[in-house]
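Here's the letter readout for the chains.
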Amino acid sequence: MSIDGLPPLRDVIERHGLQAKKALGQNFLLDLNLTGKIARTAGDLTAITVIEVGPGPGGLTRALLLHGASRVIAIERDERCLAALTEVSDHYPGRLDVIAGDALKTDFAALAGEGPTKIVANLPYNIGTELLVRWLTVTDWPPFYTSMTLMFQREVAERIVAAPGSDAYGRLGVLAGWRTEARIAFDVPPQAFTPPPKVTSSVVHLVPRQAPLPVDVKKLGQVTEAAFGQRRKMLRQSVKSLGGEALLERAGIDPTRRAETLSVEEFVRLTNAV
């Protein structure tokens, strides 16, 4: 049974010989009810350009088009998947652009064009965090996207939405909390994928803040890296290379505190004092 007039994904995978490659961090999502749920989590897609990374055989791509995305730009580095994606493109003429290439070498802002753009992706596990950090630290803000709806391993998702004082809180939580409002929308069990990963996955929805606290992006990265690099140590020790106690005094932060207790606002203050 197909909900969009295209063959079931299992048939597509079999016909094109698309066994998922561990080296590419691939886990194909076959459940069309779940791909539809991800598309709906991204909100109204009418008149929206959607950028998708790692479409694989096109399960989520199909859901995005079915739910009304005016255009989907899919970046896929596995050439084996291109023929399957061409079939989707033929089914939705003029609405799917497939770019054969590496997402880590892609200029996403240039792809986005003029109209509103959303990023929706079941990200390859091995590059997911790196891509998110890049999207969170783009120079121009508000950014080229109006929202991001992304799938990660549950553990990474928890780090993205973590609050100060929790074990999961770290550099990723500070960056995401500084520039976006992020929430975990729902979990996806391993058996929804082929092959099933060893962990539960989660879909995270991030909406950019229009006016995040002003701070130099690169410096904030350096401060959080230093602070969380030795997270069990007091801040006077972990940020010693950046100015230690004198820096903390300028920022009005107790030098005996640990990185995980600082709010996003305090990290901004600390960075601006560097």
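Scroll up to find the structure this text is about.
Heads up: these notes are all about the structure in this document. (Residues numbered from 1 in each chain as written. Predicted model: local features only at pLDDT ≥ 70, side-chain atom pairs only at ≥ 80, totals over all residues. Heavy atoms only, no water.)

By the criterion of burial, helix α8 (residues 171–179) is predominantly enclosed, with 7 of the 9 residues buried. Residues L172, G173, V174, L175, A176, W178 and R179 constitute the buried set of α8. Close packing links the buried residues of α8 with α6 (128–136), α7 (154–161), β7 (180–188), β9 (201–208), α9 (217–229) and α12 (264–273). (Buried < 20%, exposed > 50% of the residue type's maximum accessible area, 1.4 Å probe, protein only. Helix = DSSP H or I, 4+ residues; strand = E, 2+ residues; numbered from the N terminus. Contact = heavy atoms within 4.5 Å.)

Of all the 6 residues making up strand β3 (residues 71–76), 5 are buried; the element is thus mostly covered by neighbouring parts of the structure. Here strand β2 (residues 49–53) pairs with β3 via 5 bridges, running parallel. Within β3, the residue paired with E52 across the bridge is A74. Running through helix α3 (residues 59–66), the crossover from β2 to the neighbouring parallel element β3 is right-handed. Handedness of the crossover is the feature at issue here: the chain leaves β3, passes through helix α4 (residues 82–91), returns alongside strand β4 (residues 96–100), and the resulting connection is right-handed. (Pairing = 2+ DSSP bridges. Right-handed = clockwise from strand over helix to strand, strands pointing away.)

Here the focus is the packing of aromatic side chains. Applying the stated rule across the entire model yields 5 aromatic pairs. Both rings, one in Y169 and one in F228, keep their centres 5.9 Å apart while their planes meet at 85 degrees; by these two values the pair is edge-to-face. Note that Y169 is positioned in the loop between α7 and α8 and F228 in helix α9, a separation of 59 residues in sequence. Of the two residues, Y169 and F228, neither departs from the other in class, the shared state being buried. Of the aromatic side chains, those joined through ring pairs into one cluster are W141, F144 and Y145. A cation over a ring is seen here: K37 above F186, with NZ or CZ 4.3 Å from the ring centre. (Phe/Tyr/Trp six-rings, centres within 6.5 Å; stacked < 30°, edge-to-face > 60°. Lys NZ or Arg CZ within 6 Å of the ring centre and 35° of its normal.)

Let's shift gears to the side chain of T180. By secondary structure assignment, the location of T180 is in strand β7. Looking at T180, its side chain comes within polar contact range of the main-chain oxygen of A176, at 2.6 Å. When neighbours within four sequence positions are excluded, T180 is seen to be in contact with L136, W141, L206, V207, P208 and R209. (Polar contact = N/O pair within 3.5 Å; in protein donor to acceptor, adjacent residues only side chain to side chain.)

In total, this model carries 12 salt bridges according to the counting rule given. Here D187 makes a salt bridge to R154, at a shortest N to O gap of 2.6 Å. Residue D187 is found in strand β7, and its partner R154 is found in helix α7; the two are separated by 33 residues along the sequence. Classification of D187 as partly exposed rests on a relative accessible area of 38%. Assessed through its relative accessible area of 27%, R154 is described here as partly exposed. A salt bridge links R231 to E260, with the nearest nitrogen and oxygen atoms 3.5 Å apart. In this pair, R231 sits in the loop between α9 and α10 (235–238) while E260 sits in the loop between α11 (244–251) and α12, placing the two residues 29 residues apart along the sequence. Among the ionic contacts, a cluster of salt bridges with common partners joins R154, E158 and D187. (Salt bridge = Lys/Arg side-chain N within 4 Å of Asp/Glu carboxyl O.)

Take it as geometry only, folks, not as evidence of what the structure does.
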